[in-house]
Amino acid sequence: METTTAKLNGDVKDIALAEKGKRKIEWANQHMPVLQLIRKQFIKEQPLKGVRMSACLHITSETANLAITLRDGGADVVLCASNPLSTQDEVAACLVKDYNIPTYAIKGEDNSTYYGHIMSALDHQPNITMDDGADLVTTLLTKRPDLLGNVIGGTEETTTGVIRLRAMAKDGTLKYPIIAVNDALTKHLFDNRYGTGQSSIDGILRATNLLIAGLRLVVAGYGWCGKGVAMRAKGLGADVIVTETNPVRALEAVMDGFRVMPMVEAAKIGDVFITVTGNKSILTHEHFEKMKEGAVISNSGHFNVEIDIPALEKLSSGKKPVRPFVEEYTMKDGRKIYLLGEGRLINLAAAEGHPAAVMDMSFANQALASEYMVKHANELQKQVYSVPELIDRQIAKLKLESMGVQIDKLTPDQEQYLASWDEGT
Ligand SMILES: NC(=O)c1ccc[n+]([C@@H]2O[C@H](COP(=O)([O-])OP(=O)(O)OC[C@H]3O[C@@H](n4cnc5c(N)ncnc54)[C@H](O)[C@@H]3O)[C@@H](O)[C@H]2O)c1
């Protein structure tokens, strides 16, 4: 396969894939009505005129539509991958060839290429950084602090990135304001729950072609993503078991009708495991030792640290790929354990990530948060900020309109009732 030359401004797998990428980007666009409306407004108002943006996101057809929207709003955008396995090579090719948006991303790139691509995106000298997991900010702060003078702010897409950035803000390492797009209700209630729920199961199905009905499926973490995965697995007929460390979330899982138990117990009986905690070492040697013959393990949390792969390697006498994204590990006692997608986000590694209809809302938040950052950066501190409620409501309203759903409006009398303390006495 040929790599693009520097003159095409980017580094993608094969520029000849562009046509396939274009069809994919246009298909996604049809399912992103809110972003379409924002794009129209951006074309007219040019809120990002002259703003240099570097975005480290999963390079998918939905991200392409976000990049095009930002560009149409006047921004000078470059993209790099936020995960070595999540790039859709045809989309990356099309962004470079047809939309002239420099893109540095190759599916399956090794770690040094991955960070090399982040460095290339930083060479763009961004005014705004856009992250999914905070690798761009972290690399900027540690390896290219000379660029800080140009930066007015950034946005962050996912739970793990927000946790990292809040930790940085707390110890004073964060050097510019960030808007936590993940914290918008129109992001995590929909993307994390319905998006990750459906697409993680989709990834497991595409990799294994298993029948979910009748399987014992263990979900580690009953956060927004875990709730979605558990709900969809139940819908397909799985016997869902949840593991948690937070008693409130564990109780919620019990009340939602799931069995809850410690992972050491679940390890003995699970057929399929999926980790979505945002934490590390969820499946370790003590669990691999107890797993049944043929257990399938996967992760949909942001980093590939939820499954202790070095421990799995240590316990096994050999490994071999048996299907795309399925690695068979033979344990020293003869049992086989199947690891999906190298322990990386299974919905992006083996499937296509979230459906466009979900990313429509997440990326509407990204676009409007960027506009907000340009307008308000001087008023903001070196902290992590939530998306203003007004933006959340605006996105929900536009989405409902696009779905043809109408809702009631508070009457002035009701507004007054809700605002006063002496009503109802
Ligand atoms: N696959 C995707 O496309 C996708 C989409 C959005 C978010 N994410 C990622 O998924 C992860 C989870 O996100 P979320 O929004 O659900 O977070 P969340 O904070 O809502 O939920 C995480 C849950 O995991 C639990 N947990 C922590 N340590 C645990 C342990 N040792 N055992 C069992 N449970 C444990 C926490 O108590 C919490 O309830 C993050 O890494 C996030 O970045 C992935």
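Residues numbered from 1 in each chain as written. Predicted model: local features only at pLDDT ≥ 70, side-chain atom pairs only at ≥ 80, totals over all residues. Heavy atoms only, no water.

Chemist: Explain the overall build of the chain here, please?
Modeler: Check the secondary structure of the chain and you find 17 helices and 16 strands. In terms of overall dimensions, the chain is globule-like: its C-alpha atoms have a radius of gyration of 22 Å, near the 22 Å expected for 425 residues. If you line up the chain on its principal axes, its C-alpha atoms span 75 × 65 × 45 Å. Buried positions account for 54% of the 425 residues belonging to the chain. Nonlocal contacts in the chain, meaning residues at least 24 apart in sequence, comprise 71% of its contacts between residues at least 6 apart. Per element, the accessible surface of the chain, about 19,000 Å² overall, is 53% carbon and sulfur. (Helix = DSSP H or I, 4+ residues; strand = E, 2+ residues; numbered from the N terminus. Rg over C-alpha atoms; globule rule 2.2 N^0.38 Å. Buried < 20%, exposed > 50% of the residue type's maximum accessible area, 1.4 Å probe, protein only. Contact = heavy atoms within 4.5 Å. Areas by Shrake-Rupley, 256 points an atom, 1.4 Å probe, with all protein chains shown as cover.)

Chemist: Whenever I open this one, the packing of helix H5 (residues 111-122) against helix H6 (residues 135-143) confuses me. Can you help?
Modeler: Angle between the axes and distance between the axes are the two parameters that describe a pair of packed helices. One can describe the packing of H5 onto H6 by two numbers: an axis separation of 10 Å at closest approach and a directional angle of 75 degrees. Our classification of the angle between H5 and H6 gives roughly perpendicular. Contact residues: H5 offers Tyr114, Tyr115, Ile118, Met119, Ala121 and Leu122, while H6 offers Asp135, Leu136, Thr139, Leu140 and Lys143. Residue classes in the contact of H5 with H6 are distributed as 8 nonpolar, 1 polar and 2 charged. (Axes fitted to C-alpha atoms, helices over the stretch in contact; angles between N-to-C directions. Parallel < 35°, antiparallel > 145°, perpendicular 65-115°, else oblique. Nonpolar A, V, L, I, M, F, W, Y, C, P; charged D, E, K, R; others polar.)

Chemist: Whenever I open this one, the nonpolar core confuses me. Can you help?
Modeler: The tendency in soluble globular proteins is for nonpolar side chains to be buried side by side. Counting 54 residues, the largest nonpolar core has Met53, Ile59, Leu66, Leu70 and Leu79 as its most contacted members. Top contributing element to this core by residue count: helix H15 (residues 356-376), with 9 residues. Once you skip the residues sitting within four places of it in the chain, Leu66 turns out to touch Leu35, Leu57, Met130, Phe363, Gln366 and Ala367. Among the nonpolar cores identified, the runner-up in size contains 26 residues, and Ile201, Cys225, Ala230 and Tyr338 belong to it. (Core = buried A, V, L, I, M, F, W, Y, C linked by side-chain atoms within 4.5 Å.)

Chemist: Looking at this model, I keep getting lost on the environment of Thr277. Mind explaining?
Modeler: Mapping Thr277 onto the fold places it in the loop between strand S11 (272-275) and helix H12 (285-288). For the pair formed by Thr277 and Ile152, sequence separation is 125 residues and the distance between their alpha carbons is 31 Å. Aside from chain neighbours lying at most four places away, what touches Thr277 is Ala220, Gly221, Ile282 and Glu306. Separated by 2.8 Å, the side chain of Thr277 and the backbone nitrogen of Asn279 make a polar contact. A distance of 2.8 Å separates a polar atom in the side chain of Thr277 from a polar atom in the side chain of Glu306. (Polar contact = N/O pair within 3.5 Å; in protein donor to acceptor, adjacent residues only side chain to side chain.)

Chemist: Mind showing me how you'd approach the site of the ligand here?
Modeler: If you check the shell around the ligand, you find 26 residues, and the closest are Thr158, Thr160, Glu244, Arg249 and Asn347. Interatomic distance of 2.5 Å between a side-chain N/O atom of Thr160 and an oxygen atom of the ligand. Note that an oxygen atom of the ligand is positioned 3.5 Å from one of the side-chain N or O atoms of His354. Relative to its unbound accessible area of 860 Å², the ligand is 86% covered by the protein chains. Sorting the residues of the shell around the ligand by element identifies helix H7 (159-170), helix H8 (185-208) and helix H9 (224-235) as the ones contributing at least two each. (Near = heavy atom within 4 Å.)

Chemist: I tried to follow H7 on my own but got confused; where do I start?
Modeler: What sets the pattern is the α-helix's 3.6 residues per turn: residues three or four places apart point alike. With 12 residues, H7 extends 17 Å from end C-alpha to end C-alpha; this agrees with the ideal 16 Å at 1.5 Å per step. Among all positions in H7, only Thr160, Gly161, Val162, Leu165, Met168 and Ala169 are buried. Elements in contact with the buried residues of H7: H6, strand S6 (153-156), strand S7 (178-180) and strand S16 (384-386). With its phi angle positive at about 80 degrees, Gly172 sits one or two positions after the end of H7. (Expected span 1.5 Å × (residues − 1).)

Chemist: Can you help me understand the state of the cysteines in this one?
Modeler: Chemically, a disulfide is nothing more than a covalent bond linking the sulfur atoms of two cysteines. Inspection of the entire model under this criterion finds 0 disulfides. For the unlinked cysteine Cys56, the closest cysteine sulfur is that of Cys80, found at 3.8 Å. (Disulfide = S-S within 2.5 Å.)

Chemist: How should H8 be read in this particular structure?
Modeler: Relative to the 34 Å expected for 24 residues at 1.5 Å per residue, H8 spans 33 Å between its end C-alpha atoms, a close match to the ideal helical length. Remark: the principal bend of H8, roughly 35 degrees, maps to Thr196. Most of H8 is tucked away, with 17 of its 24 residues classed as buried. Phi turns positive, to about 55 degrees, at Asn209, one or two residues after H8. (Bend = angle between axes of the 7 residues up to and from the residue.)

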